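Overview (structure and organization)
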Amino acid sequence: MDEIYSVRMRAAEGGPHEKGGFHISGGETLVLKQSLEEAARQLLKKAISHSRGEADYIQLVVEKIEVKKLVRLTPLSVSTDVVQSVEEGRQQAVIHLRSLGVSESAIRNGLELLLSSTNLRGAAVLSASTGQRLDLYKDRGIRATRMGWDEDRFIQWSAQHPGLGTPRIAEAIALATKVAHAPFMVAELCWSDDPEYITGYIASRKTGYVRITQLKEKGSLCGGRIFYVMDQVDLASLQTYLEEIPVWIG
Ligand code: WAQ
Ligand code: MG
C-alpha cells in the first residue's frame, strides 16, 4: 500500500481551546499521500466557514502513519429512524441504548450531558452500568483520530447509499466504526454541536449505525459524543486505541 497520512484539525474562537477559546470545529481523516493537500484544504475550509462562529485559532496536524500498523474495518451498516419530533427521537435513542444494556441512569446522564454541553470538543466516556463519567477531560473529552475511508470504497459505498455520501456522514461513519470496535465499548450516542444539524445517531457493533433524524432543536449549540463502556475497560488502553491505532475503513 501507498504512503498514508493522518490529518487533523481543531479550531476555536477567542484563542486556543486550552486558553479558554470557544470550540468551533474539529475534523480528522487518514489519506493516501496523493490526497493529502486536498484533505488539508477541506479541513481548513471546514474551520473557516462554520456555523458555530469565526475561528481565530486553527491547528492543523499532519503525521505519516506506519502502514503496517493499519487495522482494516468494514463500515458499520446504516439504518435511519425517521421521527417527527425531538421527543420522539430521544425516545428512540433510549430504546436502542436500553436494548444494548445501557442502564437507565447511564442513558439519562448521557442525554443530560449532551443537552448541557455547548463547548465539548471530544467524547465523554461513561460507564454503561453506573452512568458515571470515567474520563477526566471535561470540555476536551477524548477524541478519536486516525481513521479514514478508502476513497474508492467510499465512492462505491455512496453509490449504494443514496443521500448519505456527504462529508459529514462519511466522517461520522468512519468515527463510529472505529469506536464501535474498541474493546469494552457498548454504544455511542451522538448529535452535532452545529446549530443547524439535528440528525444524530446511536452506534454499536450490534445495531450498526442508527441515524435518528431529530435529536436536538434547530438553533441549539448543544451536542457532543458519549462513549458508553463496560466497567472492565482499561481507560489508558481505550485512549491509546482511539487516538493512535490507525483504522482504514473499506
Ligand atoms: N472524537 C470524539 N468526539 C468527537 C470527535 C472525535 N474525533 N469529533 C467530534 N466529536 C464530538 C465533539 O464533542 C463535537 O462537539 C461533537 O462530537 C459533534 O461533532 O446524518 O456533525 O462534527 O448520519 O458537529 C452525526 C449524524 C453528525 C450524521 C455528527 O458532529 C448523519 C456531527 P460534529
Ligand atoms: Mg461540530
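Throughout, a residue's number is its position along its own chain's written sequence, starting from 1. As they are written, the chains are lettered A onward and the ligands numbered 1 onward, keeping that order. Local features in this predicted model are restricted to residues whose pLDDT is 70 or higher, and side-chain atom pairs enter the listing and the counts only when it is 80 or higher, whereas totals over whole chains, interfaces and linings include all residues. Hydrogens and water are ignored here; the side-chain numbers use all heavy atoms of the structure.

**Focus on the pattern of salt bridges**
Here a salt bridge means any side-chain nitrogen of Lys or Arg lying within 4 Å of a carboxyl oxygen belonging to Asp or Glu. A complete count under the given rule lists 17 salt bridges for this structure. Notably, a salt bridge pairs R143 with E28, separated by 3.1 Å at the nearest N-O pair. Here the residue R143 occupies a position in the loop between strand 6 (123-127) and strand 7 (147-149), and E28 occupies one in strand 2 (residues 22-32), the gap between them amounting to 115 residues. What makes E28 buried here is its relative accessible area of 10%. Between R52 and D193 there is a salt bridge, with its nearest N and O atoms 3.4 Å apart. With R52 in the loop between helix 1 (36-48) and strand 3 (57-65) and D193 in the loop between strand 8 (185-191) and strand 9 (200-204), this pair connects stretches of sequence that are 141 residues apart. Residues R52 and D193 agree in their burial class; the two are buried. Linked by salt bridges that have partners in common, E3, K33 and K64 make up one network. The way it works is that DSSP assigns letters per residue, a run of H or I at least four long becomes a helix, a run of E at least two long becomes a strand, and they are numbered from the N terminus. Between buried and exposed lies partly exposed: a residue is buried under 20% and exposed over 50% of the maximum accessible area for its type, with that area taken using a 1.4 Å probe on protein chains only.

**As for the sheet that holds strand 8**
Pairing is mixed in the open sheet, where six strands are placed in the order 5-10-9-8-11-6. What marks the edges here is a single partner per strand, and that holds for strand 5 (78-81) and strand 6. Taken over all neighbouring pairs, the strand axes of this sheet differ in orientation by 20 degrees on average, direction set aside. Criterion used throughout: strands pair if DSSP finds at least two bridges between them. For strand 9 and strand 10 (residues 208-212), the ladder comprises five bridges, and the chain directions are antiparallel. Only the stretch in contact is used when a helix axis is fitted, and all axes are lines through C-alpha atoms; the angle between N-to-C directions ranges over 0 to 180 degrees.

**Quick notes on the domain arrangement of the protein**
Accessible area lost upon the coming together of the parts is a frequently used measure of interface size. Where each domain starts and ends comes from a domain assignment, either automatic or drawn from a database. Under the domain assignment used here, the protein contains domain 1 (4-69) and domain 2 (72-249). Computed from C-alpha atoms alone, the centre-to-centre distance between domain 1 and domain 2 is 20 Å. We call two residues in contact whenever any of their non-hydrogen atoms come within 4.5 Å of each other. Counting residues at the interface gives 23 residues for domain 1, matched by 21 residues for domain 2. Once two parts are joined, some of their accessible surface, as seen by a 1.4 Å probe, is lost; buried area is that loss totalled over both. Both sides of the domain 1 and domain 2 interface together cover about 1900 Å² of buried area, and 52% of this is carbon and sulfur. It is E28, L30 and R52 in domain 1 that bury the most area against domain 2; as a group they hold 34% of the surface buried on that side.

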